[in-house]
Amino acid sequence: MASSSANLWVLLGLGLAGILLMTRKLKKVIKEDFGAFVQRLQLLPPPQPAPPKAPHPLTNLSFAVSDVFDIEGYVTGFGNPDWTKSHDAASRTSAVVTALVEGGATCTGKTVVDEMAYGINGENKHYGTPTNPAAPSRIPGGSSSGAAVAVAANFVDFSLGLDTVGGVRVPAAFCGVLGFRPSHGAVSHMGIISVSSSLDTVGWFAKDPSILRRAGHVLLQLPYAVQCSPRQIIFADDCFQQLRIPVDRVYQVVLKSTEKLFGRQVLKHENLWNYFDSKVPSLKAFHSQKTNGETRNSLIRSLVKAMNHLKRHEFKHNHEEWLNSVKPVLDPSISSQLYDVLEVADTEIEKCQSARTEIRSALNSLLKDDGILVIPTVADPPPKLGGKESLSEEYQNRNLGLLSIATMSGCCQVTVPLGFHDKYPVSVSFMARHGGDRFLLDTVQSMYASLQEQADIAAKSKPSSNAVDRETSAEIAKEKGNQAFKDKQWQKAVSFYTEAIKISGNNATYYSNRAAAYLEMGSFLQAEADCTKAIDLDKKNVKAYLRRGTAREMLGYYKDAIDDFKYALVLEPTNKRASLSADRLKKLFQ
């Protein structure tokens, strides 16, 4: 009896000890501030101006800054205690922080960054990894992990981070918030610790697109202007093939939202890496000898390689003297990148800079002033805490390949959350040309509610994998048709478009594209029939009206042709082709 009583007490003791250990562990894992902050402080805005002057634009908003921004009287820590110990307090506050405070916002603290703001995972062995409020068992993403967490956990209305190779975009994606990387050079870097001057940008996070936009207007010093809608929204189809989550949870959400807001006529599709292959010749200098014909993968690796060369070269240029004199204890993943790699020759850096110039020119040419490029922010879901996946070369290359597009071009990019899949956040990214920051902020503002509505529908519905596969297969066939059309292989293009129509017969673009190929072949009756079908499916398909007008003109149906060209002008008043064709036919036959 005594023995069984003793055993009972032992079991009770072990149970209580287990509860205490678990309680301590939970307290350690999820701190009151989610581990987001390294320093709490308060910078108050100036008094409001007297009426009739307008109040400050950021009145009643709070924000935090990553620990790479100088604030007078505080040491800027750069994610490393040895850096903090070896540096004095800042003598002045960063220009962007000052602008936000003078704009009416209150700064409440400094937030955790990856060590030396170098990684994209959000882990810091010195200060701890901030807890991801959207998915506590997964990493928050970095380098500006604490800033993203502070917004996701509602501690502040918005926050500032540094985006070099993804430092704002990745944590925004993993924590389920908006994250904006502006055009390179658009926001002042005064009073900020640099990682790589050619790649660094000051980015910001918010949950509300209107707050993202208000903060952006102050940071970018934008005057008032009329809001513009996109005239083309280009899906980088090959980039979406890299996704490690169901494509429909991202691709279809944006597609349906775009159709609802702007109509199908703005939708375009592009194989981005094929486009870069012809427009960015400098990347060929970084190709490995054995590519096995895989152009896309070879180009991705080349762009990542060029980006990493630049980042490492400029980081060492900025901080090598400190590294050699202080000899700080660095995380092995960082020290291996800084010390275990051979020096890059100046000629290699010149090639990297050439690639930057070419890719910016290529994207500016593709997007012009009114285009939005749609790409995945990252390829993978947020990796599990403590796992090795995020350190693998495959993971890094997959995700840095997507991130390198904006990083190397200097174009602006925004991460937009699209709800959850399998209990982790999913997102998409929009890009605009270099200097198109206002246009990108406006586009997010106008599309955000619709995107969230479509994301909710997608999350609640359970589409069969077969349906998704069919849609993807149809798009692939269409892209093959587009390529054949560019190569002037008209019959081959017709075959591919026909294949797409057989798979998915309710897509106006497939019929309109096949009509274009029929026109080149002189098959005007087939072209007219395809255009009529396209118009039945999408009454706003400008190209279908133009192509049907051309087919009818060739068939001698001049009055009907004039009507088609006129209607194309109603849909798109600035369309020169429609205007010239209508005027020419009117002079001849009316």
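Computed from a predicted model, the values in this text were never measured in an experiment.

**Q** It is not clear to me how the overall build of the chain should be interpreted in this structure. Could you clarify?
**A** Broken down by element type, the chain carries 21 helices and 11 strands. When the backbone C-alpha atoms are referred to their principal axes, the chain occupies close to 100 × 75 × 60 Å. Across the chain, contacts joining residues at least 24 apart in sequence account for 73% of those joining residues at least 6 apart. Accessible surface for the chain amounts to roughly 26,400 Å². Of this, 54% is attributable to carbon and sulfur atoms.

**Q** In this structure, what is going on with helix H6 (residues 209-219)? I would like to understand it.
**A** Side chains three or four residues apart in an α-helix point the same way, a direct result of the helix having 3.6 residues per turn. Every buried residue belonging to H6 is among Pro 209, Ile 211, Leu 212, Ala 215, Gly 216, Val 218 and Leu 219, and all of these are buried. Packing partners of the buried residues in H6 comprise helix H3 (95-102), strand S4 (158-163), strand S5 (178-181), strand S6 (201-206), strand S10 (412-421) and helix H14 (437-460). Directly after H6, the chain includes Gln 221, whose backbone phi takes a positive value near 55 degrees.

**Q** I would appreciate a short explanation of the packing of aromatic side chains in the present structure.
**A** The description of an aromatic ring pair rests on the distance of the ring centres and on the angle between the ring planes. Evaluation of the coordinates by the stated rule reveals 14 aromatic pairs. Following the ring pairs from residue to residue traces out a cluster consisting of Phe 34, Phe 37 and Phe 155. A cation over an aromatic ring shows up here: Arg 40 above the ring of Phe 37, its NZ or CZ 3.8 Å from the ring centre.

**Q** Would you take a moment to explain the pairing of strand S3 (residues 106-111) for this structure?
**A** Regular strands show a simple pattern: their side chains alternate between the two faces of the sheet. Most of S3 sits out of view: six of its six residues are buried. Of the pairings in the sheet, the one linking strand S1 (residues 37-43) to S3 comprises four bridges and is antiparallel in character. Directly across from Leu 43, in S3, lies its bridge partner Cys 107. Sheet topology places strand S2 (residues 62-66) next to S3; five bridges connect them, and they run parallel. Opposite Ala 64, over in S3, you have Gly 109 as the bridge partner.

**Q** Which parts of the structure should I look at to understand the nonpolar core?
**A** Note that soluble globular proteins tend to have their nonpolar side chains buried in a common cluster. Ranked by size, the top nonpolar core spans 77 residues in total, and within it Phe 158, Leu 160 and Phe 430 carry the most contacts. The contact partners of Phe 430, leaving out residues within four places of it in the chain, are Val 254, Ile 372, Leu 373, Val 374, Cys 412, Gln 413, Val 414, Val 416, Leu 440, Val 444, Met 447 and Leu 451.

**Q** I keep staring at the packing of helix H18 (residues 524-537) against helix H19 (residues 542-555) and nothing clicks. Help me out?
**A** Each pair of packed helices can be summarised by the angle the axes make with each other and by the distance between the axes. In contact at an axis separation of 9 Å, H18 and H19 are set at 150 degrees when each is read in the N-to-C sense. Considering their axes alone, H18 and H19 lie roughly antiparallel with respect to each other. Crossing hand, H18 versus H19: left-handed. Contacts between H18 and H19 involve Phe 524, Leu 525, Ala 527, Glu 528, Cys 531, Thr 532, Ala 534 and Ile 535 on the former and, on the latter, Ala 544, Tyr 545, Arg 547, Arg 548, Ala 551, Arg 552, Met 554 and Leu 555. For the contact of H18 with H19, the class distribution of residues is 11 nonpolar, one polar and four charged.

**Q** So what exactly am I meant to see when it comes to helix H16 (residues 490-503) here?
**A** Between its first and last C-alpha atoms H16 spans 20 Å; for 14 residues at 1.5 Å apiece the expected length is 20 Å, and the two agree. Those residues of H16 lying buried are Ala 493, Val 494, Phe 496, Tyr 497, Ala 500 and Ile 501. Buried residues of H16, viewed axially, fall in a sector of 165 degrees; they line one side.

**Q** It is not clear to me how the pattern of salt bridges should be interpreted in this structure. Could you clarify?
**A** Two side chains bearing opposite charge may form a pair once their charged atoms approach each other closely. Within this structure, the stated rule accounts for 20 salt bridges. Notably, a salt bridge pairs Arg 169 with Asp 163, separated by 3.0 Å at the nearest N-O pair. Overall, Asp 163 belongs to the buried group, its relative accessible area being 0%. Arg 181 is the salt-bridge partner of Asp 163, the closest N and O atoms lying 2.9 Å from each other. One end of the pair, Asp 163, is in strand S4; the other, Arg 181, is in strand S5, and 18 residues separate them in sequence. What makes Arg 181 buried here is its relative accessible area of 0%.

**Q** Explain the sheet that holds S3 to me, please; I cannot follow it from the model alone.
**A** Backbone hydrogen bonds are what pair the strands of a sheet, in a parallel or an antiparallel way. With mixed pairing, 11 strands are arranged side by side in an open sheet as S1-S3-S2-S4-S6-S5-S10-S11-S9-S7-S8. At either end of the open sheet lies a strand with only one pairing partner, and these are S1 and strand S8 (267-270). Strand-to-strand twist across the sheet, computed as the mean angle between neighbouring axes with direction ignored, equals 25 degrees. In this fold H14 packs onto S5, strand S7 (232-236), strand S9 (371-375), S10 and strand S11 (424-432), with an angle of close to 15 degrees to the strand it touches most, S10.

**Q** Honestly, the layout of surface pockets in this entry has me stumped. Any pointers?
**A** Rolling a probe over the atoms, with the probe sized like a water molecule, indicates the empty space that remains. If you add up the space inside the second largest pocket, you get close to 1,300 Å³. If you go around the second largest pocket, you meet 45 residues; those closest to its centre are Asn 121, Ser 333, Gln 337, Leu 391 and Gln 396. Of all elements in the fold, only helix H1 (2-29), helix H10 (295-326), helix H11 (332-339) and helix H13 (393-409) reach the threshold of two or more residues within the lining of the second largest pocket. The dominant element in the lining of the second largest pocket, judged by the number of residues it contributes, is H10, at seven residues. Residue classes in the lining of the second largest pocket are distributed as 14 nonpolar, 18 polar and 13 charged.

The rules behind the values
- Residues numbered from 1 in each chain as written.
- Predicted model: local features only at pLDDT ≥ 70, side-chain atom pairs only at ≥ 80, totals over all residues.
- Heavy atoms only, no water.
- Helix = DSSP H or I, 4+ residues; strand = E, 2+ residues; numbered from the N terminus.
- Contact = heavy atoms within 4.5 Å.
- Areas by Shrake-Rupley, 256 points an atom, 1.4 Å probe, with all protein chains shown as cover.
- Buried < 20%, exposed > 50% of the residue type's maximum accessible area, 1.4 Å probe, protein only.
- Phe/Tyr/Trp six-rings, centres within 6.5 Å; stacked < 30°, edge-to-face > 60°.
- Lys NZ or Arg CZ within 6 Å of the ring centre and 35° of its normal.
- Pairing = 2+ DSSP bridges.
- Core = buried A, V, L, I, M, F, W, Y, C linked by side-chain atoms within 4.5 Å.
- Axes fitted to C-alpha atoms, helices over the stretch in contact; angles between N-to-C directions.
- Parallel < 35°, antiparallel > 145°, perpendicular 65-115°, else oblique.
- Left-handed = near helix turned anticlockwise from the far one by under 90°.
- Nonpolar A, V, L, I, M, F, W, Y, C, P; charged D, E, K, R; others polar.
- Expected span 1.5 Å × (residues − 1).
- Arc of directions from axis to C-beta.
- Salt bridge = Lys/Arg side-chain N within 4 Å of Asp/Glu carboxyl O.
- 1 Å grid on protein atoms, 1.4 Å probe; cavity = no way out; pocket = protein on both sides within 12 Å on 5 of 7 lines; lining within 4 Å.
- Points joined across faces, edges and corners; volume = space filled by probe spheres on them.

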